[in-house]
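Fold and geometry: a report
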Amino acid sequence: MEVKIGVQNAARELVVDSGETQEHIQQAVADAVAGDGVLTLTDTKGRTVVVPAAKLAYVEIGTSSTGAVGFRG
């Protein structure tokens, strides 16, 4: 699952390719925002991304497009 995270006052978004389900990621975001804590996600390579919930601008959750080669029409 590809997760794009917009962070306030940051020029670029964070992109995490997570092995978690969409529902799990949505719950993690909701819990972080409700508890005014941090959003913690681990990617498929074992790296962890931690973002303070107060600095989240947006979180976009979608399927990853790995392996796409060539033109899409």
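Located above this text is the structure these notes cover.
Here is what the cut-offs are and how they apply
- Residues numbered from 1 in each chain as written.
- Predicted model: local features only at pLDDT ≥ 70, side-chain atom pairs only at ≥ 80, totals over all residues.
- Heavy atoms only, no water.
- Core = buried A, V, L, I, M, F, W, Y, C linked by side-chain atoms within 4.5 Å.
- Buried < 20%, exposed > 50% of the residue type's maximum accessible area, 1.4 Å probe, protein only.
- Helix = DSSP H or I, 4+ residues; strand = E, 2+ residues; numbered from the N terminus.
- Contact = heavy atoms within 4.5 Å.
- Expected span 1.5 Å × (residues − 1).
- Arc of directions from axis to C-beta.

A word on the nonpolar core. Soluble globular proteins tend to bury their nonpolar side chains together. In this structure, Val 3, Ile 5, Val 16, Ile 25, Val 29, Ala 32, Leu 39, Leu 41, Val 51, Ala 53 and Leu 56 together form the largest nonpolar core, which totals 11 residues. With three residues, helix α1 (residues 22-34) is the largest single contributor of residues to this core. In this structure Ile 25 touches Met 1, Val 3, Ser 18, Glu 20, Leu 41 and Ile 61, once residues within four positions along its chain are discounted.

What follows deals with α1. The end-to-end C-alpha distance of α1 is 18 Å, a good match for the 18 Å that 13 residues give at a rise of 1.5 Å each. Taken as a whole, α1 has its buried residues at Ile 25, Val 29 and Ala 32. Looking straight down α1, one finds its buried side chains confined to an arc of 65°; they lie on one side. Opposite the buried face of α1, at more than 90 degrees from it, the exposed residues are Glu 23 and Ala 34. The elements touched by buried residues of α1 are β1 (2-7), β3 (38-42) and β5 (56-62). At the C-terminal side of α1, Asp 36 shows a positive phi close to 50°.

Any functional reading would require information beyond the geometric quantities listed.
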